[in-house]
Amino acid sequence: MLDFIMPTDRTIAVLSGKGGTGKTLVSVNLASVAQRATYIDCDVEEPNGHLFLKPSYVQEEVITVGKPVVDQNLCDGCRICSKACAFNALAVIGKQLLIFDEICHSCGLCMHLCPNHALAEVQKPLGVVRKGNSGTITFLSAEMRIGESSAVPLIKALMREKHSGLTIIDSPPGSGCLVTETISHADFCLLVAEPTIFGAHNLAMVHELVMLLKKPCAVLLNKTQDGENPSLAYAKTHNLQILGSLPYDQDLARLTSDGLVANQESEKYHTYFSLLLKEVEDASDTHSQR
Amino acid sequence: MIVAVPAEEQKLDSPLCVSFGRAPYYCIFNTETQKSRFIENAAAQSPGGAGIQAAQDLVDAKITTLITFRLGENAAKVLKAADISLLKALNLSIADNISALLENKLAELDAIHAGFHHAH
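Quick caveat: nothing in here was measured; it's all calculated off a predicted structure.

## As for the interface of chain B and chain A
- Chain B puts 18 residues into the contact, and the matching count from chain A is 14 residues.
- Sorting the residues of the side of chain B that touches chain A by element identifies α1 (50–60) and α2 (73–81) of chain B as the ones contributing at least two each.
- Per-element accounting of the side of chain B that touches chain A gives the leading share, six residues, to α1(B).
- Across the side of chain B that touches chain A, the residue classes break down as nine nonpolar, eight polar and one charged.

As structure tokens, then:
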């Protein structure tokens, strides 16, 4: 058994181009076999790591973002702000300045440029960051407020809480802004892929993003069965390191649907994820030595 | 009355563009002079907020009426602030929609959608 893995300082992001490939299954189990690790649920739109790790929370912090608010008495409708806004978050009708908070990226340029000081920053709640413990695992997660559209500041807030040792990031699905922000904090990316054409397509999308951000990565083939695996074909064509495959297994699905952490329930999966963690650490060592 | 119609092509007999903010062109028709012209939609390629910018540009072009299939809530807010009348397009060419407007056959745009912004 590999119960005595000493975590060194590294951050592993578990990614996939789509939802439902097994990111949470893999991240929760990697953190759990490592024991001394930080698990961060970056899927702030739909966090679910807590269902498995069942943390006891010690802290909850509301995260806010600054948005411009106009004083119409001071605004003369000069349009300096609306013309400068890179996101089209401002419009000027007559002398009325319209501000669209959900389009605004809180860059602050409008407030900086306003010659009449008509714009002030107001902090608006975006979501919460929760900190807790699950056994020896430090647990971090965040949840976006319903109705918000851009959660990047929540990811940044989560990453500020990250400390030394082994960190496993349960990434948001896809390959958009949230994933880009998440990957930028990782030393190594583990791409979890399904054995379908759709799975391979999404693997390609997230792989391209990882390449763009110049992060080392490897693939874990999940839900493998007999027959063709388009994700395996993609990995081979692109010389991606394959760290293993996790065969489709009803017992594993049952444990997961019961909210259980597979390696804590099954000797077979304890061995599997301990070995996978070792593989991931070795692969990330190989890359960091290059 | 100055009318704007989102257009896929710069032709009066072509169908309307189904998108407001991402339409490549707008047909601008002046009911007094009976003259039409097409303007490019500079906002069409914006990564975000295309509807807001397109609405701003049309307000600046002094339109009084917009004929469209659909409209996002942000663009609607800009156009309503400028008192632009918003009318529901018929599944006809641009020219026929303008004729229908002149014959008072166009209804007010009832449904404003929540927008198709992708998550960031």
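## So, the sheet that holds strand β2 (residues 25–30) of chain B
Residues and elements named next belong to chain B.
- Here five strands make up an open sheet; going across it, the order is β3-β2-β1-β4-β5 and the pairing mixed. The open sheet terminates on both sides in strands that have one partner only, identified here as β3 (35–40) and β5 (85–88). Looking at each pair of strands side by side, their axes are set apart by 25° on average, direction ignored.
- In terms of strand pairing, strand β1 (residues 2–7) meets strand β4 (residues 65–68) through two bridges, oriented parallel.

## Topic: the domain arrangement of chain A
- With domains assigned, chain A is organised as domain 1 (10–36 + 165–289) and domain 2 (65–124).
- The straight-line distance from the C-alpha centre of domain 1 of chain A to that of domain 2 of chain A is 42 Å.

## A word on the packing of helix α7 (residues 197–212) of chain A against helix α8 (residues 230–237) of chain A
Residues and elements named next belong to chain A.
- It is at 7 Å that the axes of α7 and α8 come closest, and there the two elements cross at 35°. Residues I197, G199, A200, L203 and A204 of α7 form the contact with α8, whose participating residues are P230, S231, A233 and Y234.
- Among the residues making up the contact of α7 with α8, the classes are represented as seven nonpolar, two polar and no charged.

## Let's talk about the pairing of strand β6 (residues 119–134) of chain A
All names here are of chain A.
- The pairing of strand β3 (residues 56–70) with β6 spans 14 bridges and is classified as antiparallel. Its bridge partner lying in β6, V62 is registered against V128.
- In the sheet, β6 pairs with strand β7 (residues 137–144) via eight bridges, with the strands oriented antiparallel. Bridging from a neighbouring strand, G127 pairs with M144 of β7.
- Hairpin connection, β6 to β7: the antiparallel pair is bridged by two residues, and G135 has positive phi, about 65°.

## Comments concerning unusual backbone geometry
Residues and elements named next belong to chain A.
- With a phi angle near 65°, Q35 is a residue other than glycine that sits in the positive phi range.
- One can find Q35 in the loop between α1 (23–34) and β2 (37–41).
- With phi around 40°, K54 is a residue other than glycine that occupies positive phi space.
- Examined against the element boundaries, K54 turns out to sit in the loop between α2 (49–53) and β3.
- The exposure class assigned to K54 is partly exposed, which follows from the 13 C-beta atoms found within 10 Å.

Criteria and thresholds
Residues numbered from 1 in each chain as written. Chains lettered and ligands numbered in written order. Predicted model: local features only at pLDDT ≥ 70, side-chain atom pairs only at ≥ 80, totals over all residues. Contact = placed C-beta atoms within 7 Å. Helix = DSSP H or I, 4+ residues; strand = E, 2+ residues; numbered from the N terminus. Nonpolar A, V, L, I, M, F, W, Y, C, P; charged D, E, K, R; others polar. Pairing = 2+ DSSP bridges. Axes fitted to C-alpha atoms, helices over the stretch in contact; angles between N-to-C directions. Domains from an automatic or database assignment. Buried ≥ 20, exposed ≤ 12 C-beta atoms within 10 Å, placed from the backbone.

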